[in-house]
Amino acid sequence: MSREDFEDAVRDALDEIPDELASMTDNLVVLVEDDAPADEPELLGLYEGVPLTERGEFWATGALPDRITVFRRPTLAICDTREEVVEEVAITVVHEIAHHFGIDDERLHELGWD
């Protein structure tokens, strides 16, 4: 899958986030990178920032945007079809946005978002 098609899949996954949740995101950017960090080469997505549940009164003063990065090559490596890529991207996007809302991996696992 080309980078452009992968970015479209990420954009489509973001479009599937319910409006009431999407409107609650704050100071968040979503990026696509080809490769995951060298120390975690199989990572599909990464949230970097301060979850909404941990932001204090003065958090926004000079704060850079939180970042969600979706990694293309590791995703393509575990998927055999375009449909699998689209599904995995959607799962990854939901997973990382959940971190933005302060939901940790343990709770995501309990909810069935492995």
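Up top is the structure these notes are about.
Keep in mind it's a predicted model, so treat the numbers as computed, not measured.

## What about a negative patch on the surface?
Together, Asp 80, Glu 83, Glu 84 and Glu 87 make up a negatively charged patch on the protein surface. Tracing the chain through its elements places Asp 80 in the loop between α3 (72–78) and α4 (82–100). For Asp 80, a relative accessible area of 72% corresponds to the exposed category.

## Describing the pattern of salt bridges
If you walk through the whole model with that rule in mind, you get 11 salt bridges. Measuring nitrogen to oxygen at the nearest pair gives 3.2 Å for the salt bridge that ties Arg 3 to Asp 34. Placement of Arg 3 in helix α1 (residues 3–15) and of Asp 34 in the loop between β1 (28–33) and β2 (45–48) is noted, with a sequence separation of 31 residues between them. Here the salt bridges do not stand alone but share partners, grouping Arg 3, Glu 7, Asp 34, Asp 35, Arg 72 and Arg 73 into one network.

## Describing the environment of Gly 102
Structurally, the position occupied by Gly 102 is in the loop between α4 and α5 (105–110). You can call Gly 102 partly exposed: its relative accessible area is 37%. Taking C-alpha positions, Gly 102 is 7.5 Å from Glu 54, a pair spaced 48 residues apart along the chain. When neighbours within four sequence positions are excluded, Gly 102 is seen to be in contact with Pro 51 and Thr 53.

## Overview of the sheet that holds β2
Spatially, β1-β3-β2 is the arrangement adopted by the 3 strands of the open sheet, whose pairing is mixed. Each having just a single partner strand, β1 and β2 make up the two edges of the open sheet. Sheet twist, expressed as the average angle between the axes of neighbouring strands with direction ignored, equals 15 degrees. Alignment of β2 against strand β3 (residues 66–71), held across 4 bridges, turns out to be antiparallel. The partner of Leu 46 across the bridge, within β3, is Thr 69. Contacts from α1 reach β1 and β3 within the one sheet, and its direction differs from that of β1 by about 150 degrees. Contacts between α4 and the sheet are confined to β1, β2 and β3, with β2 contributing the most and set at about 15 degrees to the helix.

## Some remarks on the packing of α1 against α4
The interhelical angle for the contact between α1 and α4, taken along N-to-C directions, is 50 degrees, at an axis separation of 9 Å. By the angle class used here, α1 and α4 are oblique. When the axes of α1 and α4 are compared, the crossing they make is right-handed. Residues Asp 5, Phe 6, Ala 9, Val 10, Ala 13 and Leu 14 of α1 lie in contact with α4, whose contacting residues are Arg 82, Val 85, Val 86, Val 89, Ala 90, Val 93 and Ile 97.

Definitions and limits used
- Residues numbered from 1 in each chain as written.
- Predicted model: local features only at pLDDT ≥ 70, side-chain atom pairs only at ≥ 80, totals over all residues.
- Heavy atoms only, no water.
- Patch = residues over 30% accessible without salt bridge, like charges linked within 9 Å, V, L, I, M, F, W, Y side chains within 5 Å.
- Areas by Shrake-Rupley, 256 points an atom, 1.4 Å probe, with all protein chains shown as cover.
- Salt bridge = Lys/Arg side-chain N within 4 Å of Asp/Glu carboxyl O.
- Lys, Arg positive; Asp, Glu negative; His and termini not counted.
- Charge placed at Lys NZ, Arg CZ, Asp CG, Glu CD.
- Helix = DSSP H or I, 4+ residues; strand = E, 2+ residues; numbered from the N terminus.
- Buried < 20%, exposed > 50% of the residue type's maximum accessible area, 1.4 Å probe, protein only.
- Contact = heavy atoms within 4.5 Å.
- Pairing = 2+ DSSP bridges.
- Axes fitted to C-alpha atoms, helices over the stretch in contact; angles between N-to-C directions.
- Parallel < 35°, antiparallel > 145°, perpendicular 65-115°, else oblique.
- Left-handed = near helix turned anticlockwise from the far one by under 90°.

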